[in-house]
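Fold and contact review
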Amino acid sequence: MSRPLPSDVSQFYAQKKVLVTGGAGFIGSHLTELLLQLGAEVTVVDNFLTGARQNIAHLTAEVIEADASQPVETYLPAQYTPDLVFHFASPASPPKYQAHPVETYLVNSMATHQLLQYLKSKAPKARFLFASTSEVYGDPQVHPQPESYWGNVNPNGVRSCYDEAKRLGETICGVHSRDFQMDVRIVRIFNTYGPRMDLEDGRVIPDFIKQALAGQPFQVYGDGTQTRSYCYVDDLVDGIILLMQKDSAKGQTVNLGNPGEFTVLQTAEVVNRVSAEVKGVEPPSPPPIEFRPLPQDDPLRRRPDIQKAKEVLGWEPVISFEEGLKKTITFFQSRQG
Ligand code: UDP
């Protein structure tokens, strides 16, 4: 936890029965860890397509190996009715979701439907939180992106199995909130990094960390002027915990991310500097860069408008990019042994 959460937060979570789909993933495992610290009884559902048992091996959560796109009755014990459901199952890195397009669109659409229908009949008072994404904004024409922006998405592009499925997931949440009066909340997660990311998942932060630790050039796609805004995972998970807990967040869609914006070239510079600091050596100057083709439909700019998170949750990130990178690189260095 990056800061002490208010005492009403642990009171809220203590002894709650909490289901986390995707609990063995990068964000899901950090969320599961914090929920357990807050006294919740956590059941993780994960099919380990992109999650890893190693991420939760140190945790006491119950683990069910299953695909959340299947009917809920096929994997949850009949007597189990959760108080809270965090639906976080999904591949999330562009190379990974493009390698698993069917699983990706099903887990964000069909699984959302299955879970909400199950709750509707078995636990209509349960709270449901859907992990959506900044990718619902596509290649945004509004900058920074507030929740009121409808986005600019290619409906049949290489990223659509993910971003259109997340948009449909949001639609399914909206139907269950409006038409069936269920308690549904949506978080739009912007680029997040931290310990336990999959170093092989092809995203920019793990790629650059891997390259820096191996003393290899940074592989920059395109000319590196495209931007992203990176949030440290502890900050993100604090915001998610508050979004589920706050009564006033019922039915709300909230961006969570760090508004600090970096070009990909600046990202390489910071990773270059911080990884040299962690290794105790002088950073190569200038950072070694190799340019590679820009992937199709790669968004040019991305930065969250977090005004709503500040107002509804009283939340904003507190960990700087350098501080978070230091923790992350230290984690991966120690893992490499
Ligand atoms: N990128 C890069 N080198 C890499 C991986 C990604 O230059 O090894 C770029 C990618 O083209 C994109 C940005 O970094 O512009 C962020 O990519 P990522 O895959 O992390 O996630 P996205 O935000 O695109 O979903």
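Higher on the page you've got the structure.
Not measured: the values here are computed from a predicted model. (Residues numbered from 1 in each chain as written. Predicted model: local features only at pLDDT ≥ 70, side-chain atom pairs only at ≥ 80, totals over all residues. Heavy atoms only, no water.)

Looking only at helices and strands, one finds eleven helices and 13 strands in the chain. What you see for the chain is a C-alpha radius of gyration of 19 Å, in line with the 20 Å of a compact globule of 337 residues. In terms of overall dimensions, the chain has C-alpha extents of about 60 × 40 × 35 Å along its principal axes. Of all 337 residues assigned to the chain, the portion counted as buried reaches 55%. Pairs at least 24 residues apart make up 80% of the contacts formed inside the chain by residues separated by at least 6 positions. Carbon and sulfur atoms make up 50% of the accessible area of the chain, which totals about 14,100 Å². Taking the average location of the 32 positive side-chain charges in the chain and that of its 39 negative ones, the two points are 3 Å from each other. (Helix = DSSP H or I, 4+ residues; strand = E, 2+ residues; numbered from the N terminus. Rg over C-alpha atoms; globule rule 2.2 N^0.38 Å. Buried < 20%, exposed > 50% of the residue type's maximum accessible area, 1.4 Å probe, protein only. Contact = heavy atoms within 4.5 Å. Areas by Shrake-Rupley, 256 points an atom, 1.4 Å probe, with all protein chains shown as cover. Lys, Arg positive; Asp, Glu negative; His and termini not counted. Charge placed at Lys NZ, Arg CZ, Asp CG, Glu CD.)

Here we come to helix α4 (residues 101-108). Listing the buried residues of α4 in full gives T104, V107 and N108. The buried residues of α4 occupy an angular sector of 90 degrees when projected down its axis, which confines them to one face. Residues of α4 that are buried sit in contact with β4 (84-87), α3 (94-99), α5 (110-122), β5 (127-133) and α6 (160-178). (Arc of directions from axis to C-beta.)

The subject of this paragraph is the environment of T32. The topology assignment puts T32 in helix α2 (residues 26-37). For the pair formed by T32 and I289, sequence separation is 257 residues and the distance between their alpha carbons is 37 Å. If we ignore the near neighbours within four places in the chain, the residues touching T32 are V20, G23, V42, V44, L59 and A61.

Between the first and last C-alpha of helix α8 (residues 233-245) there are 18 Å, a value that for 13 residues agrees with the 18 Å anticipated at 1.5 Å per step. Counting buried residues along α8, 13 of its 13 residues qualify, which places the element largely inside the surrounding structure. (Expected span 1.5 Å × (residues − 1).)

Looking now at the pattern of salt bridges. Side chains carrying opposite charge are able to pair once their charged atoms draw close together. For the coordinates displayed, the defined rule picks out 15 salt bridges. R127 is the salt-bridge partner of D183, the closest N and O atoms lying 3.4 Å from each other. One end of the pair, D183, is in strand β6 (residues 183-189); the other, R127, is in strand β5, and 56 residues separate them in sequence. The pair formed by D183 and R127 is uniform in burial state, with each residue classed as buried. Measuring nitrogen to oxygen at the nearest pair gives 3.2 Å for the salt bridge that ties E200 to K210. One end of the pair, E200, is in the loop between β7 (192-193) and α7 (204-213); the other, K210, is in helix α7, and ten residues separate them in sequence. Assessed through its relative accessible area of 54%, E200 is described here as exposed. The exposure class of K210 is partly exposed, given its relative accessible area of 24%. The network of salt bridges with common partners includes R127, D183, R185 and D247. (Salt bridge = Lys/Arg side-chain N within 4 Å of Asp/Glu carboxyl O.)

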